[in-house]
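Results of the structural survey
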Amino acid sequence: MKTYILTGASDGIGAELARQIAQRLGPEAGLVLAARQQALLEDVAAQCRHHGSEVLVAPTDVSDPAQCRALVLRGIERFGWLDALINNAGVSAQALFEEVQPENLGWYEALMRVNLWGSVWCTHAALPHLKASKGQIVAVSSLAGLVGLPGRTAYSASKFAMTGFFEALRAELKAAGVSVTTAYPGVVATEIRDRGYNAVGQPAGRSGLKEDKSMPVAVCARLILEGMERRRREVVMTPQGKLGRLLKLFAPGVVENMALAALKDEVRPR
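What this report covers is the structure whose coordinates are included nearby. (Residues numbered from 1 in each chain as written. Predicted model: local features only at pLDDT ≥ 70, side-chain atom pairs only at ≥ 80, totals over all residues. Heavy atoms only, no water.)

1. Examining the side chain of T182
Structurally, T182 is set in strand 6 (residues 179–184). If we ignore the near neighbours within four places in the chain, the residues touching T182 are A139, S141, F166, R170, R233, E234 and V235. (Helix = DSSP H or I, 4+ residues; strand = E, 2+ residues; numbered from the N terminus. Contact = heavy atoms within 4.5 Å.)

2. With respect to the pattern of salt bridges
Taken as a whole and judged by the stated rule, the model has 4 salt bridges. Across the pair R19 and E16 runs a salt bridge whose closest N-O atoms are separated by 2.9 Å. Highlighted residues: R19 and E16, both in helix 1 (residues 12–25), separated by 3 residues, approximately one helical turn. Here R19 falls in the partly exposed class, since its relative accessible area comes to 23%. Taking the shortest distance from any N to any O, the salt bridge between E54 and R78 comes out at 3.0 Å. Separated by 24 residues along the polypeptide, E54 in strand 3 (residues 54–59) and R78 in helix 3 (residues 65–79) bring together distant segments of the chain. On the basis of relative accessibility, which here comes to 38%, the residue R78 falls in the partly exposed class. (Salt bridge = Lys/Arg side-chain N within 4 Å of Asp/Glu carboxyl O. Buried < 20%, exposed > 50% of the residue type's maximum accessible area, 1.4 Å probe, protein only.)

3. Brief notes about the pairing of strand 2 (residues 29–35)
Along strand 2, 7 of the 7 residues are buried, which leaves the element largely enclosed by surrounding structure. Burial of strand 2 is two-sided: the residues A29, L31, L33 and A35 facing one way and the residues G30, V32 and A34 facing the other way are all buried. You can see the chain leave strand 1 (residues 2–7), run along helix 1 and come back into strand 2, and the turn it takes is right-handed. In this sheet, strand 3 lies alongside strand 2 in parallel orientation, the contact comprising 6 bridges. Bridging from a neighbouring strand, L31 pairs with V55 of strand 3. (Right-handed = clockwise from strand over helix to strand, strands pointing away. Pairing = 2+ DSSP bridges.)

4. Regarding the environment of E54
On the accessibility criterion, E54 (31% relative accessible area) is partly exposed. For E54 and R78, which are 24 residues apart along the polypeptide, the C-alpha to C-alpha distance reads 10.0 Å. Sequence-distant contacts of E54, that is, excluding residues within four places in its chain, are made with M1, A29, G30, L31, R78 and F79. Looking at E54, its side chain comes within polar contact range of the side chain of R78, at 3.0 Å. (Polar contact = N/O pair within 3.5 Å; in protein donor to acceptor, adjacent residues only side chain to side chain.)

5. Comments concerning unusual backbone geometry
One non-glycine residue, K134, lies in positive phi territory at about 50°. Along the chain, K134 turns up in the loop between helix 4 (106–133) and strand 5 (136–140). One non-glycine residue, R231, lies in positive phi territory at about 50°. For R231, the position within the fold is in the loop between helix 7 (217–229) and strand 7 (234–236).

6. A few points about the sheet that holds strand 2
Strand order in the open sheet made by the 7 strands is 3-2-1-4-5-6-7, with parallel pairing throughout. Every interior strand has two partners, whereas the edge strands, strand 3 and strand 7, have only one. For this sheet, the mean angle separating the axes of adjacent strands, direction not counted, is 15°. Bridging between strand 5 and strand 6 involves 5 bridges; their strand directions are parallel. The partner of Q136 across the bridge, within strand 6, is S179. Contacting strand 2 and strand 3, helix 2 (residues 38–49) runs over the sheet at an angle of about 170° to strand 3. Docked against the sheet, helix 4 engages strand 1, strand 4 (84–87) and strand 5, running at close to 175° with respect to strand 4. (Axes fitted to C-alpha atoms, helices over the stretch in contact; angles between N-to-C directions.)

Following this line, the structure appears as structure tokens:
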């Protein structure tokens, strides 16, 4: 049996990753599903059990380091070992920096605790077990972790921080045989942007990005799993992302214009 801990597994990319792992491995998969909403986790768990996979539902708030440690401990107690940690939990945000009042800047820190620190705390707790199994770490970042996106200063900051942390960790773990794969999805057809913070730290209720060409969540999950199978260093999922990364080295102004063009007119800076 191959065992996985997945954070942010109640919906979106995380839930789809769990379902696809269960579909691929059936009874050979042991899944620890973590997120804050237990009812949604139970629904995903039932779908995975339908394929014969063994599932532990572990309600977890990754912004709390004690809960991150408890999550890994519960997984080890249930399955005895760990093959892969998928750091997928994340919060989005859409707000021009100048629109955020001083008294509302606290949500920048709250977002960082989930997107960066949740990954750091879970990874630290899982590391001895992953070294023992020569396992895998996956960090689900974003194209916003490669190119700074206007209106997403907080989100880009958290994802750039993930990029740097996991790039350094990859080098540290090379000799130990633990692979680190960082995934960079573009706009994926989930509700993460609708639930993300607005300028006052409340759920935005809408996306500030053009979503007519958003990637189906099933395709995103499949690309991440294929990257895991090959133990790839990075998974950049879209042609625009690959092009933007290259152009950033030689024509950064062009990349900024591409990022601005991805915004809906009503949220574009004037």
